[in-house]
Amino acid sequence: MTLILLAYLGGVLTIVSPCILPVLPFVFARGGRPFLTGTLPLLAGMIVMFAAVASLAAVGGGWAVSANQYGRIAAMVLLTLFAVTLLSRTLADTLTRPLVALGNRLSGEAGAGSGIGASFLLGIATGLLWAPCAGPILGLVLTGAAISGASVQTTLLLLAYAAGAATSLALALLVGGRLFAAMKQSLGAGEWVRRALGVLVLAGVAAIAFGLDTGFLTRVSLASTSRFEQGLVDKFLPAKPIKTVAVAGSNLPIEGAMPELAGATGWLNTPPLTREALRGKVVVVDFWTYSCINCLRALPYIRAWAAKYKDHGLVVLGVHAPEFAFEKDPANVKKAVQDMGVTYPVALDSNLAIWQAFNNQYWPAHYFIDAQGRIRAHHFGEGEYDKSERIIQTLLREAGYKDVPGGIVDPNAEGALAAADENNMQSPETYLGYGRGTGFASNTPQPDKIATYTTPYPLGPNQWGLTGRWTIGEEKSVAASAGTKITFYFHARDLHLVLGSGAGNKPVRFKVTLDGQPPGAAHGVDTDEAGNGTVAGQRLYQLIRQQGAVANRTFSIEFLDPGAEAYAFTFG
């Protein structure tokens, strides 16, 4: 019930978001109609269609988005016809008889009964066009659907979100409807109001056709509600406190029992392990995935702990929980484990079963388990490695192991595994698929089909663009020909890009530049001073490591062969 209330409140806040602007002309065009026969059916149609499309997108991925694109085209045609009937009765009369009849019905000229149906139909069309800003509350709903699978609850939450937005629109219409009525009575301007609404509807269709609803309006926010929404999430859904039990003589409480490992889809470096088989050992469970930069920067410490304490009662257990589809391929994970020098046991958690058993939400995440199979501490994200190692030493001594080594490891990591320059990292992780993509500055995306894109210059901070022929998929963008480019305006010491080379892993050559010039000394471990490199396998590539002062820079990568797959930028 709390989640439903949160979703409703998130929808209510949509009225002050610029992403609602393209929808307003269609809604206000029914402002002069009675609420029950004009406004209410329109809003009901919007609610039903938005919830249906969002639910399908949560379940179906690309095919649902493609279907929605055709629906958007049909909706724009329908609403353009509606606008014509508002603009001019003469123009409406010149249409063929079936179209005139449809236009009259859409305009509500055929009576109250047909007005209800027409309003609902317009609501359906508007729902297909509606692309609200995904603030923290809507993000909470859709992320839950992505991880746990869509369900009846997902649809109910989406309905609640849409109902909240409809409530705001209804309140706005109460004011707008009275305003229109006053204008008609005092100025006799009914026909001019009608024509003005027709112009606004056409403007709304044009804005959607040119991608302003999902492009410019999403980036240029007039009134951001994200902080307020996040405050609601924190207030109504605070992080569940971990119930702990004190342990006599120790500052490490019991946080719960270690879950079973039965959900693993495979194992590397070991036969299958069970919770009981690990009893008597101190265990560090490390949730990671091999293309995650945060996981990679923690990896040198995990490897060092495994080597230092393996003969003193410690078992390090890596749980590989994939983020991208290619990370579910056991062969890819096996190669990454070998290349990264991971010799401790690794459970393949391709279905996120172990992830959910631990109720985990982070990459990386470390759980410290004592010799009796009890979780005694945890740490999420990077950092605090000295504190984590002291926890390991404490648990080993509690278990009765002798000669536990002291001191703190210093792995002296290099390349992409080196610690981030937090003071200069002003660019966020940025995904290059439509599922989670942000900051896209090129022309309107065409999901799941080849399209030609251009990059506008100059880019704004943390904006990126595509140049050439690309297919933008749910989790990646794929180069359809040679000579394609990706450009990003960033501020960080290091720039990484998760890349692949398509079916068969055929190598793809590339060349990178900084501010239009070869990177020189600022090249990463996967490029040379001239900016040359090759995509050979699906992984994270370090392309830039700036030397000295860090400044805003324009990064560009040109792929000299077709088939490059680009998933996400990360920075350090």
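Residues numbered from 1 in each chain as written. Predicted model: local features only at pLDDT ≥ 70, side-chain atom pairs only at ≥ 80, totals over all residues. Heavy atoms only, no water.

Asker: Which residues make up the packing of helix H13 (residues 293–309) against helix H16 (residues 385–398), and what values do they have?
Answerer: At a closest axis distance of 11 Å, the pairing of H13 and H16 adopts a crossing angle of 25 degrees. As the angle between them shows, H13 and H16 are arranged roughly parallel. In the packing of H13 onto H16, the handedness of the crossing is right-handed. For the pair H13 and H16, the contacting residues are Arg297, Ala298, Tyr301, Trp305, Lys308 and Tyr309 in the first and Tyr385, Ser388, Glu389, Ile392, Gln393 and Leu396 in the second. Of the residues contributing to the contact of H13 with H16, the split by class is seven nonpolar, two polar and three charged. (Axes fitted to C-alpha atoms, helices over the stretch in contact; angles between N-to-C directions. Helix = DSSP H or I, 4+ residues; strand = E, 2+ residues; numbered from the N terminus. Parallel < 35°, antiparallel > 145°, perpendicular 65-115°, else oblique. Left-handed = near helix turned anticlockwise from the far one by under 90°. Contact = heavy atoms within 4.5 Å. Nonpolar A, V, L, I, M, F, W, Y, C, P; charged D, E, K, R; others polar.)

Asker: Can you break down empty space enclosed by the protein residue by residue, with the values?
Answerer: Enumeration according to the criterion identifies one cavity of 30 Å³ or more in this entry. Within this model, the largest cavity holds a volume of roughly 40 Å³. Looking at the largest cavity, the residues that line it are Met258, Arg275, Leu278, Arg279, Gly280, Lys281, Val283, Ile369, Asp370, Ala371 and Gly373. Classifying every residue of the lining of the largest cavity gives five nonpolar, two polar and four charged. (1 Å grid on protein atoms, 1.4 Å probe; cavity = no way out; pocket = protein on both sides within 12 Å on 5 of 7 lines; lining within 4 Å. Points joined across faces, edges and corners; volume = space filled by probe spheres on them.)

Asker: Could you give me a rundown of the packing of aromatic side chains, with the residues and numbers involved?
Answerer: Counting across every chain of the model gives 21 aromatic pairs. With centroids separated by 5.0 Å and ring planes inclined at 50 degrees, the aromatic side chains of phenylalanine 358 and tyrosine 367 adopt a geometry described as tilted. Tyrosine 367 shares its class with phenylalanine 358; the two are buried. The interplanar angle of 20 degrees and the centroid separation of 5.9 Å between the aromatic rings of phenylalanine 490 and phenylalanine 571 together place this pair among those described as stacked. Here phenylalanine 571 lies in strand E18 (residues 565–571) and phenylalanine 490 lies in strand E12 (residues 484–490), a separation of 81 residues in the sequence. Residue phenylalanine 490 is classed as buried on the basis of its relative accessible area of 1%. (Phe/Tyr/Trp six-rings, centres within 6.5 Å; stacked < 30°, edge-to-face > 60°. Buried < 20%, exposed > 50% of the residue type's maximum accessible area, 1.4 Å probe, protein only.)

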